Amino acid sequence: RWATEEVRSGGRSISNGLTIAGFAEKYSNRLRTRVSACAARRAITEAAAEAATGPRSLMAVLRDHGGAVPRWSPVNGTLHAPCVHAGGWLASSQTTSSMVSDLRGDPLHWVTATSAPCTSIFKPARISEPVDLGPAPTNHFDPATLWWRHELLHRAVLADFPRHIRVLQAERDRIEAEWEANPPSTAEAFTFSERLEQTWLHQIEGSLGDRRPWWVRPTWRHLDRVATMPART
């Protein structure tokens with residue numbers, strides 16, 4: 001079953017649910033839709049799309065936790081907001097990468113190529129400038145792959161998000177503002193970002209007490225174990 005809708009102006013968001021009037025009412029699964037928190041997430045993303053003034057506006061909403069920090073639910077983790085972190089009993093989804101495309105002039109895409117946008121830097125990417133990110137990531141940790149190297153930082157920050165995000169947030173935002181005004185080459189941006197992430201990780205290491213809710217911790221211990229993540233220091 002399928003349906004289409006023409007979007008002529010303003011913002012339009014899907015947010016992992018059926019949202020086209022008529023089609024949604026006929027084919028949606030009420031329980032699945034409720035657990036997915038589509039309506040709550042869509043309310044954030046659609047309003048932000050309406051008000052967006054440029055790429056950084058959209059980067060900010062992709063990082064939105066519905067508050068200052070992630071709020072985990074035992075039912076669905078943090079699915080109530082765009083920046084999703086695993087940790088629910090019925091649903092345990094996770095943002096795996098983010099992208100903003102500016103098509104107003106010469107197309108310029110802003111990509112994380114890494115998981116959670118809150119711990120990632122959006123890099124300017126051009127179709128004409130491919131970069132080597134290592135082998136395609138699998139479900140096992142691989143230090144040759146950019147996505148997995150970033151997971152060391154991402155999972156360290158999650159353990160005590162309010163404290164650890166302060167290590168990187170201001171510098172992350174400053175760099176993206178500078179790059180929006182004067183984008184570097186794609187290769188330069190990726191190289192610089194990874195060096196900076198390594199610096200942030202070193203600043204966080206040694207203070208890795210886990211302050212997440214008790215039901216979230218076993219989920220991430222299991223994910224780390226299955227992925228054969230290196231032990232944290």
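Relevant structure appears above.
Residues numbered from 1 in each chain as written. Predicted model: local features only at pLDDT ≥ 70, side-chain atom pairs only at ≥ 80, totals over all residues. Heavy atoms only, no water.

Describing the packing of helix α5 (residues 146-159) against helix α7 (residues 186-204)
Their axes nearest at 10 Å, the elements α5 and α7 cross at an angle of 35 degrees. Seen along the crossing, α5 lies across α7 with a hand that is left-handed. Two secondary-structure elements touch here, α5 through Leu-146, Arg-149, His-150, Leu-152, Leu-153, Ala-156 and Val-157 and α7 through Phe-190, Glu-194, Glu-197, Trp-200, Leu-201 and Ile-204. Grouping the constituent residues of the contact of α5 with α7 by class yields nine nonpolar, one polar and three charged. (Axes fitted to C-alpha atoms, helices over the stretch in contact; angles between N-to-C directions. Helix = DSSP H or I, 4+ residues; strand = E, 2+ residues; numbered from the N terminus. Left-handed = near helix turned anticlockwise from the far one by under 90°. Contact = heavy atoms within 4.5 Å. Nonpolar A, V, L, I, M, F, W, Y, C, P; charged D, E, K, R; others polar.)

What to know about the pairing of strand β2 (residues 108-111)
For a regular strand, the rule is simple: side chains alternate between the two faces of the sheet. Going residue by residue along β2, you find Leu-108 and Trp-110 tucked away on one face and His-109 and Val-111 tucked away on the opposite face as well. As judged from the four bridges shared by strand β1 (residues 99-102) and β2, these two strands associate in the antiparallel manner. The partner of Ser-101 across the bridge, within β2, is His-109. Once β1 ends, the chain turns through five residues before running back antiparallel as β2. Inspection of the sheet shows β2 paired to strand β3 (residues 123-125) by three bridges, in the antiparallel sense. Looking across to β3, one finds that Trp-110 is bridged to Pro-124. (Buried < 20%, exposed > 50% of the residue type's maximum accessible area, 1.4 Å probe, protein only. Pairing = 2+ DSSP bridges.)

Some details on the pattern of salt bridges
Scanning the entire structure with this criterion turns up 15 salt bridges. Residue Glu-6 is joined to Arg-8 by a salt bridge in which the shortest nitrogen-to-oxygen separation is 3.6 Å. Each of the two residues, Glu-6 as well as Arg-8, counts as exposed. The shortest N-O distance in the salt bridge between Arg-104 and Asp-102 comes to 2.9 Å. Looking at Arg-104, the relative accessible area reads 63%, which means it is exposed. In the salt-bridge network here, residues are joined through shared partners; they are Glu-5, Arg-12, Arg-42 and Glu-46. (Salt bridge = Lys/Arg side-chain N within 4 Å of Asp/Glu carboxyl O.)

Here's the deal with the state of the cysteines
If you walk through the whole model with that rule in mind, you get zero disulfides. Cysteine Cys-83 remains unbridged, with the sulfur of Cys-118 as its closest cysteine sulfur at 3.7 Å. Under the relative-accessibility criterion, Cys-83 is labelled buried at 1%. (Disulfide = S-S within 2.5 Å.)

Overview of unusual backbone geometry
Its identity as a non-glycine residue notwithstanding, Asn-16 has a phi of 60 degrees, on the positive side. As for its placement among the helices and strands, Asn-16 is situated in the segment before α1 (23-27). According to the relative accessible area criterion, Asn-16 is exposed, its value standing at 64%. A positive phi angle, close to 60 degrees, is found at Ala-113, a residue other than glycine. Mapping Ala-113 onto the fold places it in the loop between β2 and β3.

Here we look at the side chain of Thr-186
You can see Thr-186 is positioned in helix α7. The class of Thr-186 is buried, set by a relative accessible area of 2%. Dropping the residues within four chain positions of it, Thr-186 is found in contact with Pro-124, Ala-125, Arg-126, Glu-129 and Val-131.

Section: the packing of aromatic side chains
Per the counting criterion, the structure on display carries six aromatic pairs. Pairing Trp-214 with Trp-215 gives two aromatic rings, centres 6.0 Å apart and planes at 90 degrees, and the pair type is edge-to-face. (Phe/Tyr/Trp six-rings, centres within 6.5 Å; stacked < 30°, edge-to-face > 60°.)

What to know about the packing of helix α6 (residues 161-181) against α7
Contact geometry for α6 and α7: axes closest at 9 Å, N-to-C directions at 165 degrees. As the angle between them shows, α6 and α7 are arranged roughly antiparallel. As for how α6 packs across α7, the hand of that crossing is right-handed. Packed against α6, whose contacting residues are His-164, Val-167, Leu-168, Glu-171, Arg-172, Ile-175 and Trp-179, the element α7 presents Ala-189, Phe-192, Ser-193, Leu-196, Trp-200, Gln-203 and Ile-204 at the interface. In the contact of α6 with α7, the residues fall into nine nonpolar, three polar and two charged. (Parallel < 35°, antiparallel > 145°, perpendicular 65-115°, else oblique.)

These results come straight from atomic positions and should not be treated as a statement about function.
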